[in-house]
There are 6 protein chains.
Amino acid sequence: MSGHDETGSWFPVPDESALPDNLRGLFAKARERLGFVPNVFRVYSFRPERLSAWFAHYRQLHEPSEHLGAADREMIAVVVSVANGCLYCLVAHGAALRAELDDPVLGERISYDWRRAGLDARRSAICAYAEKLTLTPRDLTRADLQTLLDVGLTLEEAWDVAEIAAMYNLTNRMAMATNMLPNAEYSGQARPGGDTRT
Amino acid sequence: MSGHDETGSWFPVPDESALPDNLRGLFAKARERLGFVPNVFRVYSFRPERLSAWFAHYRQLHEPSEHLGAADREMIAVVVSVANGCLYCLVAHGAALRAELDDPVLGERISYDWRRAGLDARRSAICAYAEKLTLTPRDLTRADLQTLLDVGLTLEEAWDVAEIAAMYNLTNRMAMATNMLPNAEYSGQARPGGDTRT
Amino acid sequence: MSGHDETGSWFPVPDESALPDNLRGLFAKARERLGFVPNVFRVYSFRPERLSAWFAHYRQLHEPSEHLGAADREMIAVVVSVANGCLYCLVAHGAALRAELDDPVLGERISYDWRRAGLDARRSAICAYAEKLTLTPRDLTRADLQTLLDVGLTLEEAWDVAEIAAMYNLTNRMAMATNMLPNAEYSGQARPGGDTRT
Amino acid sequence: MSGHDETGSWFPVPDESALPDNLRGLFAKARERLGFVPNVFRVYSFRPERLSAWFAHYRQLHEPSEHLGAADREMIAVVVSVANGCLYCLVAHGAALRAELDDPVLGERISYDWRRAGLDARRSAICAYAEKLTLTPRDLTRADLQTLLDVGLTLEEAWDVAEIAAMYNLTNRMAMATNMLPNAEYSGQARPGGDTRT
Amino acid sequence: MSGHDETGSWFPVPDESALPDNLRGLFAKARERLGFVPNVFRVYSFRPERLSAWFAHYRQLHEPSEHLGAADREMIAVVVSVANGCLYCLVAHGAALRAELDDPVLGERISYDWRRAGLDARRSAICAYAEKLTLTPRDLTRADLQTLLDVGLTLEEAWDVAEIAAMYNLTNRMAMATNMLPNAEYSGQARPGGDTRT
Amino acid sequence: MSGHDETGSWFPVPDESALPDNLRGLFAKARERLGFVPNVFRVYSFRPERLSAWFAHYRQLHEPSEHLGAADREMIAVVVSVANGCLYCLVAHGAALRAELDDPVLGERISYDWRRAGLDARRSAICAYAEKLTLTPRDLTRADLQTLLDVGLTLEEAWDVAEIAAMYNLTNRMAMATNMLPNAEYSGQARPGGDTRT
């Protein structure tokens, strides 16, 4: 499996030591928490200020709330990434989703087809909304927003579903425009009987 | 994770003991080799003669040949299943592909996007052909066939690429028409550091 | 019109005399019943065991049942072939459909647009299901299955609608991957005031 | 087959005797030449001045020229109608195409898939252009126009390919918006061994 | 901005003086009413008889009626042109729509997305019908026609919605096949605080 | 035209006075520069920290560079917004594009169809890349990136094309998910002979 660890980037990838302090701190924290630096950080660090700005926005969107937990937010990331066909995000956020759900089978199923994964009404409504905003945003209506409120989300949480989905439409495209490849470590994370660290 | 073992079928699933001898033999062999009976067998056994006929055809297509090995044939199954979005086949044949490749990272990548998985020219040509035959069969030309011969396949192997892709267009649709769900066991198979039995 | 009788195949077509006994028997029976050997048999005989296996499965699917007769089964073949744009199957099964319906005008209409052909509720439900399973199989739900039961089909017959549609998704692709051309004889069969033998 | 002769129109169909002189003349001429009045005339006569204006434009486009004969012009009508899926035009102009080609097998093939009908380079270029102008007009470039000149068409004839294709994009939509059904007589016209009058 | 006044045509554009009397009259009237000759006239005059025939049909369709006024008819032209992505018609009929509505803001909005322009039920139904007839004509049903009658249109006006939409499917394609460019004058017409002559 | 000034938002729009200092400063600066507060600010201020984070990222992307000027960056915004059909961004960034180009006719043309707007090779390559990343990101290859370098962009500028396009895929979706409507003032900006303030 040697070779799977490259970032894949079509752009130059700077040496970590050349990065600004804040990014070196970010990399260090990731290494501590995950055991490695996600390739999205390495690849995006070609433009350090952009990485900082993107990440400052992105991280806000994964803060859990009462009716839209950490697993739900990863689920939106994965559903959008299926619709766009983004290899990097499906592997990396697929691993995070399996861990947050604490259910490797369900997490894997959502990464292929949320419609047949046996989700409850709340999660199905969230997935349907995120998929529609990704694939046919022009057709989105106020009735689609209402489906989120009807399953118990607050207006703020409904907004979050939209903003997370919108964010992964940005992130998926950055991953595909740079040819970002997922770190090999994700593949074994949160599998049945396997490594459960994420 | 209880609950993940149901077949999911929207049709009645017969008791194994009520099946004809040849199918009980098939189930027994599967249980011996895999440790469980794949849900495709259970679900399809609603029509025992159909299962026998389908499987007699299907099994021929997975016989390896010189330039189209067992992993290549699973790869075609997976690429067609991505194009059709078939949960059952992506999980079940994704596991088989990881095992046949002996590379869980590469196998997982192909199950999300073969184009970014770093395949060589032979495998890329096979994937491109199978995807095109699945998505826009009317546009297939003699030049597409030639791309398979150009990477070293014989005429018989080129035919096999087509017939395997065609077969999974049947199989994917049976899986989705019946709502077949993959056995939970597949998720942990052939993962990095995990269970490697397939 | 000379030239219309070639098989069109991009693969070698074996001489009939070189084929195994069972296939020579199949060809003889076809010649007796139709007056010619359908090109699908000639083309597929490049791989004799595959032809035998495919045909053994395929022929089961055209056995009529109480609420899904021979014409209905040809109708599914034609509707799937319209969705995939398969010249061979539209000509060959278009002829069979005209004959089984005993209505050359209706049969021709279905081969272009079943929605405007004036079909009754049972046939419309069958066509809608087969078209959806062909074009957007991932979107198929239990409610789609219910539409078949609601117009009087048994569970076995509903399964048959799915399996016939799935089979023609295989067959259409084999026809297009090999460039199979329909025998010229089909064009005149079961036309108003014309040859009615099929 | 009783019932196949209705126009199918969702709009009122005026009595022929109530129509203006010029249209009654048009109907009489059609009856003389074809043996019946095409349903397009009956249906469109709900708006007599529109029918006159449409037909005055339409008839200009079927005048044959040196490198774009009557059969070629019907071929464009049929190729556009396949792309739009227009039952009325496929049946009515399919019959005209079989007659103008004096080849019922080739005409039928073009009505299902021109790409596999074995057309020569000139006709293939014409079909490809008409199909592209129908399906993705925004993508049409000067290079597409050049393909028509390269196979020997004059600038006027290249314009005609475009204008005929554009006209059938109008006509197909009027047929589908009114639910126009083709006269049953077309089905038997210009078939092998059958009625050859068109 | 010099250069914006060319017709853009990929076909020869005849000198106005060489045109038949009726077309020179048409050009003169346009120059009098608009201050310039629309490029559609110049480009189409490569085939003078075709221009006359097309325009004789086209002009009938813009005659206002009680429940389908001049602005509504321009609105249909614009909605069809959005669906087809026709630059010429969006600029030229966008200007006409702003003027007929006497609302430059609303007219501009419709030229980008009628669904979010805040239209009333009657106009929304008309736009939805025209868009559907353009994009998926085969799916149009009698129920779609009924939506037009339900908002108060007569059968004749409902027919007009269909015929105008069908006509712009022709016109858009002629504009794109010839590479017709809109006259620069349209851009400033009927803008807030700007030139209001159309 | 009263009524065109509402934000259209399906979410609550906070009173400006209730916003954090930094956003009140942002609003004040906008009012000074444009004469009004863009509705995107008002609508997004339902989540003040999100607006701050999004805008901090977004503003970086509009900094002009040697081969990718302010007009080019607005052009990317508009091309992505055409592909997604985003009313808000087409009106607001359409105005900015007309102003930055100092060419109201060209700017309007790009907002409907960049392919027929007569752009030079550099701008055409940028538009083609942005459109592809928006519509079929999975198909983007290293060769697509090379097309940007071939017309003279640096690697950093090529990255910017991707990141701007990715950002508008986020922004378009936030605009459509909230039903953001463009301020009426944009319609008259930078028009021929009209108000040129942006």
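Since we're looking at a predicted model, the values are computed, not measured. Numbers given for residues are sequential positions, taken from 1 along each chain in its written order. Just so you know, chain letters begin at A and ligand numbers begin at 1, following the order they were written in. Predicted model: local features are reported for residues with pLDDT of at least 70 only, side-chain atom pairs are reported and counted for 80 or more only, and whole-chain, interface and lining totals are derived from all residues. Based on all heavy atoms of the structure, the side-chain values leave hydrogens and waters out of the count.

Considerations on the overall build of chain A
Argument step 1. Only DSSP runs of H or I with at least four residues qualify as helices, and only runs of E with at least two residues qualify as strands; both kinds are numbered from the N terminus onward. A tally of regular secondary structure across chain A gives nine helices and zero strands.
Argument step 2. Shown N-terminal to C-terminal, the secondary structure of chain A runs as helices and strands in the order α-α-α-α-α-α-α-α-α.
Argument step 3. On C-alpha atoms alone, chain A measures out to a radius of gyration of 17 Å, which is about the 16 Å that the 2.2 N^0.38 rule sets for 198 residues.
Argument step 4. The principal-axis extents of the C-alpha atoms in chain A amount to approximately 50 × 40 × 25 Å.
Argument step 5. Throughout, a contact is declared for two residues whenever any of their heavy atoms are within 4.5 Å. Once local pairs closer than 6 in sequence are excluded, the contacts in chain A between residues at least 24 apart make up 67%.
Argument step 6. Accessible surface, chain A as shown: approximately 6,800 Å² in total, 49% of it carbon and sulfur.
Argument step 7. In this tally Asp and Glu are treated as negative and Lys and Arg as positive; neither His nor the chain ends contributes. Every charge is mapped to an atom, namely NZ of Lys, CZ of Arg, CG of Asp or CD of Glu. Here chain A carries 21 positive and 27 negative side-chain charges, and the mean point of each set is 4 Å from the other. Radius of gyration here is computed from C-alpha atoms only, and the compact-globule reference equals 2.2 Å multiplied by the residue count raised to the power 0.38. Working definition of accessibility: Shrake-Rupley area with a 1.4 Å probe, residue cover restricted to the visible protein chains.

Quick look at the packing of helix α3 (residues 48–60) of chain D against helix α9 (residues 155–178) of chain D
Residue and element names in this part refer to chain D.
Argument step 1. Helix axes are fitted only over the stretch in contact, all axes being lines through C-alpha atoms; the angle between N-to-C directions runs from 0 to 180 degrees. Where α3 contacts α9, the axes come no closer than 10 Å and their chain directions differ by 150°. For the element pair α3 / α9, the angle class is roughly antiparallel. The crossing of α3 and α9 is left-handed. Contacts from Trp54, His57 and Tyr58 of α3 reach α9 at Glu163, Met167, Tyr168, Leu170 and Thr171.
Argument step 2. Classes in brief: Ala, Val, Leu, Ile, Met, Phe, Trp, Tyr, Cys and Pro nonpolar; Asp, Glu, Lys and Arg charged; the others, Gly included, polar. Class assignment of the residues belonging to the contact of α3 with α9 gives a composition of five nonpolar, two polar and one charged. We call two directions roughly parallel when the angle between them is under 35 degrees, roughly antiparallel when it is over 145, roughly perpendicular when it lies between 65 and 115, and oblique otherwise. Definitions for this section: a left-handed crossing has its near helix turned counterclockwise from the far helix by less than a right angle. A right-handed crossing has that turn clockwise.

Regarding the relation of the copies chain A and chain F
What relates the two chain copies is a rotation about an axis together with a slide along it.
Argument step 1. You can overlay chain A on chain F at an RMSD of 0.0 Å; the transform is a turn of 180° with a shift of 0.0 Å along its axis. On this basis, the relationship between the two copies can be described by a two-fold rotation axis. It is Leu170 of chain A whose C-alpha, among those of chain A, lies nearest the rotation axis, at 2.7 Å.
Argument step 2. A share of 100% of the interface residues of chain A reappears at the interface of chain F, consistent with the copies meeting face to face through the same patch. Residues reaching a pLDDT of at least 70 in both copies supply the C-alpha atoms on which the copies are superposed by least squares.

Let's talk about the interface of chain A and chain F
Argument step 1. The interface is formed by 42 residues belonging to chain A together with 42 residues belonging to chain F.
Argument step 2. Interface area, chain A with chain F, both sides summed: about 4,100 Å², of which 68% is carbon and sulfur.
Argument step 3. Ranking the residues of chain A by area buried against chain F places Trp10, Trp159 and Arg173 of chain A at the top, with a combined share of 21%.
Argument step 4. A carboxyl oxygen of Asp or Glu within 4 Å of a side-chain nitrogen of Lys or Arg is what we treat as a salt bridge. Linking chain A with chain F are six salt bridges.
Argument step 5. Close ionic contact of Arg47 of chain A with Asp160 of chain F constitutes a salt bridge, the shortest N to O distance being 2.7 Å.
Argument step 6. In protein, a polar contact means a hydrogen-donor-capable atom and an acceptor-capable atom, both N or O and within 3.5 Å, with residues adjacent in sequence counting only if both atoms are side-chain atoms; elsewhere, any N or O pair within 3.5 Å suffices. On the surface where chain A and chain F come into contact, there are 18 residue pairs in polar contact (both at pLDDT 80 or more). Two parts placed together each lose some accessible area under a 1.4 Å probe, and the buried area is that loss summed for both.

Regarding the nonpolar core
Argument step 1. Counting residues in hydrophobic clusters, the biggest one holds 420 residues, and the most contacted among them are Ile110 of chain A, Ile110 of chain B, Ile110 of chain C, Ile110 of chain D, Ile110 of chain E together with Ile110 of chain F.
Argument step 2. With residues near it in sequence (within four places) discarded, Ile110 of chain F still touches Met75, Val78, Val79, Val82, Leu97, Leu101, Ala117 and Leu119 of chain F. Buried Ala, Val, Leu, Ile, Met, Phe, Trp, Tyr and Cys residues that are joined via side-chain atoms within 4.5 Å together make up what is termed a nonpolar core. Relative accessibility under 20% of the residue-type maximum defines a buried residue, over 50% an exposed one, and the middle range a partly exposed one, all with a 1.4 Å probe and only protein chains included.

Some words on the packing of aromatic side chains
Argument step 1. Centres within 6.5 Å are what make two rings of Phe, Tyr or Trp a pair, Trp counting through its six-membered ring; a difference in plane orientation under 30 degrees is then read as stacked, over 60 as edge-to-face, and the rest as tilted. Counting across every chain of the model gives 75 aromatic pairs over all chains.
Argument step 2. On the basis of an interplanar angle of 35° and a centroid distance of 5.8 Å, the ring pair of Phe11 of chain D and Phe46 of chain D is categorised as tilted. Taken together, the residues span a long stretch of sequence, with Phe11 of chain D in the segment before α1 (21–34) and Phe46 of chain D in the loop between α2 (39–44) and α3 at a distance of 35 residues. In this structure, Phe11 of chain D and Phe46 of chain D share a single accessibility class: buried.
Argument step 3. Taken together through their ring pairs, the aromatic side chains of Phe11, Phe27, Phe41, Tyr44, Phe46, Trp54, Phe55, Tyr58 and Tyr168 of chain A together with Trp159 of chain F make up a single cluster.

Looking at the packing of helix α3 (residues 48–60) of chain B against helix α3 (residues 48–60) of chain C
Any two packed helices are characterised by the angle at which their axes cross and by the distance between the axes.
Argument step 1. Look at α3 of chain B against α3 of chain C: their axes get within 9 Å of each other, and the N-to-C directions meet at 160°. Of the possible angle classes, the one that applies to α3 of chain B and α3 of chain C is roughly antiparallel. Note on packing geometry: the crossing formed by α3 of chain B with α3 of chain C is left-handed. In this structure, α3 of chain B contributes Glu49, Arg50, Ala53, Trp54, Ala56, His57 and Gln60 of chain B to the contact, and α3 of chain C contributes Glu49, Arg50, Ala53, Trp54, Ala56, His57 and Gln60 of chain C.
Argument step 2. Residues of the contact of α3 of chain B with α3 of chain C, tallied by class, amount to six nonpolar, four polar and four charged.

Digging into the interface of chain B and chain F
It is common to give the size of an interface as the accessible area lost on bringing the parts into contact.
Argument step 1. Chain B puts five residues into the contact, and the matching count from chain F is four residues.
Argument step 2. Summed over both partners, the interface of chain B with chain F buries about 310 Å², with 24% contributed by carbon and sulfur atoms.
Argument step 3. Considering only the side of chain B, the residues that lose the most area to chain F are Asp113, Arg115 and Arg116 of chain B, jointly responsible for 82% of the buried surface there.
Argument step 4. At the boundary of chain B with chain F, the tally comes to one salt bridge.
Argument step 5. The tally of links from chain B across to chain F stands at five residue pairs in polar contact (both at pLDDT 80 or more).

Here we look at the pattern of salt bridges
Argument step 1. Throughout the structure, instances matching the rule amount to 84 salt bridges over all chains.
Argument step 2. As a salt-bridge pair, Arg122 of chain A and Asp72 of chain A come within 2.9 Å of each other at their nearest N and O atoms. Of this pair, Arg122 of chain A sits in helix α7 (residues 121–135) while Asp72 of chain A sits in helix α4 (residues 70–84), and the two are 50 residues apart along the sequence.
Argument step 3. Classification of Arg122 of chain A by relative accessible area gives partly exposed; the value is 22%.
Argument step 4. Between Glu163 of chain A and Arg50 of chain F there is a salt bridge; the shortest N-O distance is 2.9 Å. Residue Glu163 of chain A is found in helix α9 (residues 155–178), and its partner Arg50 of chain F is found in helix α3 (residues 48–61); the two belong to separate chains. A single burial state applies to Glu163 of chain A and to Arg50 of chain F, both of which are buried.

Concerning the domain arrangement of chain A
Residue and element names in this part refer to chain A.
Argument step 1. Residue ranges assigned to each domain were obtained from an automatic or database domain assignment. Splitting chain A by domain gives domain 1 (5–61) and domain 2 (70–178).
Argument step 2. The distance between the C-alpha centroids of domain 1 and domain 2 comes to 24 Å.
Argument step 3. Carbon and sulfur atoms supply 63% of the area that domain 1 and domain 2 bury against each other, a total of about 1,100 Å² over both sides.
Argument step 4. For domain 1, the biggest contributors to the area lost against domain 2 are Trp54, Tyr58 and Leu61; these three give 51% of the whole.
Argument step 5. For the pair domain 1 and domain 2, the interface holds zero salt bridges.
Argument step 6. Seen at the junction of domain 1 and domain 2, the total is eight residue pairs in polar contact (both at pLDDT 80 or more).
Argument step 7. Put simply, the parts of the chain that give the side of domain 1 that touches domain 2 at least two residues each are α2 (39–44) and α3 (48–61).

Overview of the relation of the copies chain B and chain F
Argument step 1. Expressed as a screw operation, the relation of chain B to chain F combines 0.0 Å of axial shift with a rotation of 120°, fitting to an RMSD of 0.0 Å. Both chain copies can therefore be described as sitting about a three-fold axis. Among all residues of chain B, the one whose C-alpha sits closest to the rotation axis is Thr136 of chain B, at a distance of 9.2 Å.

Some points on the environment of Gly25 of chain B
All names here are of chain B.
Argument step 1. Here Gly25 is to be found in helix α1 (residues 21–34).
Argument step 2. Residue class for Gly25 comes out partly exposed when judged on its relative accessible area of 31%.
Argument step 3. In the structure, Gly25 is positioned 154 residues away from Asn179 in sequence and 25 Å away in space, judged by C-alpha atoms.

What about the side chain of Ser9 of chain B?
Residues and elements named next belong to chain B.
Argument step 1. Tracing the backbone through its elements, the reader meets Ser9 in the segment before α1.
Argument step 2. For Ser9, a relative accessible area of 14% translates into the label buried.
Argument step 3. Only 3.0 Å separates the side chain of Ser9 from the backbone nitrogen of Phe11, close enough to count as a polar contact.
Argument step 4. Residue contacts for Ser9: discarding those within four places in its chain leaves Val43, Thr178 and Asn179.

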